[in-house]
Amino acid sequence: MSGRGRGGANSRCSACGQPLLVQWVGDVAALQARVTLSAPDEHLPYGPAAQASTPDDLVWCLPRLPHRALRLRWTTGRHPPDCPHQHLTSHQCPPTTLF
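A brief report on the enclosed structure follows.

Rules and cut-offs
- Counting from 1, residues in each chain are numbered in the order their sequence is written.
- Only residues with pLDDT of at least 70 get local features here, since the model is predicted, and only at 80 or more are side-chain atom pairs given and counted; chain-wide, interface and lining totals rely on the full set of residues.
- To obtain the side-chain values, all non-hydrogen atoms of the structure were used and water was disregarded.
- By definition, any uninterrupted DSSP run of H or I lasting at least four residues is a helix, any uninterrupted run of E lasting at least two residues is a strand, and each is numbered from the N terminus.
- To sort residues, take the accessible area from a 1.4 Å probe on protein chains only and compare it with the maximum for the residue type: under 20% means buried, over 50% means exposed, and anything in between is partly exposed.
- Whether two residues are in contact is decided by their heavy atoms, any of which lying within 4.5 Å being enough.
- Computed with the Shrake-Rupley method and a 1.4 Å probe, the accessible areas treat only the protein chains shown as cover for residues.
- By the convention used here, strands pair only if DSSP detects at least 2 bridges between them.
- Ring geometry is summarised as follows: Phe, Tyr and Trp rings, the Trp one being its six-membered ring, pair when their centres sit within 6.5 Å, and such pairs are stacked at plane angles under 30 degrees, edge-to-face over 60 and tilted between the two.

### Some thoughts on the overall build of the protein chain
Per the secondary structure count, the protein chain includes one helix and six strands. When its helices and strands are written in sequence order, the protein chain yields β-β-β-α-β-β-β. Taking all 99 residues of the protein chain together, the buried fraction comes to 30%. The contacts in the protein chain between residues at least 6 apart in sequence include a share of 50% that link residues at least 24 apart. As displayed, the protein chain offers around 6,900 Å² of accessible surface, 56% of which is attributable to carbon and sulfur atoms.

Spelled out as C-alpha cells, the structure:
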C-alpha cells in the first residue's frame, strides 16, 4: 500500500513473528500505530491497558465492527472505562534468551 492508507495492514513483527496491525491514525497529526493483533473474541478492557501503558505509549481502541475494516481509534482520559472494544498498546517484543 502506498502513501497513507486508511485501512489496516496485517503484517508480522520481523523480530518475534507476532501478528501486527500497522496503521496510520489521525488526519492532521497522524501517528503510525503498531499493535499486536489479538484474537477477535479476546476481552481487552481499557483499564488494564491504560495501567500497562507508559507515558510514551498510547492506548488504542479497536472496534471490530461487522463488514468494516479494522481501524484503530485514539483514546483520551475521557475514554469510557466500560468501552466494549479491545484496547491495545504499542507492540513490544517479548523478552527472549539467547541460550
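The structure having been displayed, the exposition proceeds.
### Here's the deal with the sheet that holds strand β4 (residues 59-62)
Strand order in the open sheet formed by three strands is β5-β4-β6, and the pairing between neighbours is antiparallel. The open sheet is flanked by β5 (73-74) and β6 (86-89), the only strands paired with a single partner. As judged from the two bridges shared by β4 and β5, these two strands associate in the antiparallel manner. Looking across to β5, one finds that W60 is bridged to W74.

### Quick word on the packing of aromatic side chains
Throughout the structure, instances matching the rule amount to one aromatic pair. The interplanar angle of 50° and the centroid separation of 5.1 Å between the aromatic rings of W60 and W74 together place this pair among those described as tilted. Residue W60 is located in strand β4, and its partner W74 is located in strand β5; the two are separated by 14 residues in the primary sequence. For W74, a relative accessible area of 41% puts it in the partly exposed group.

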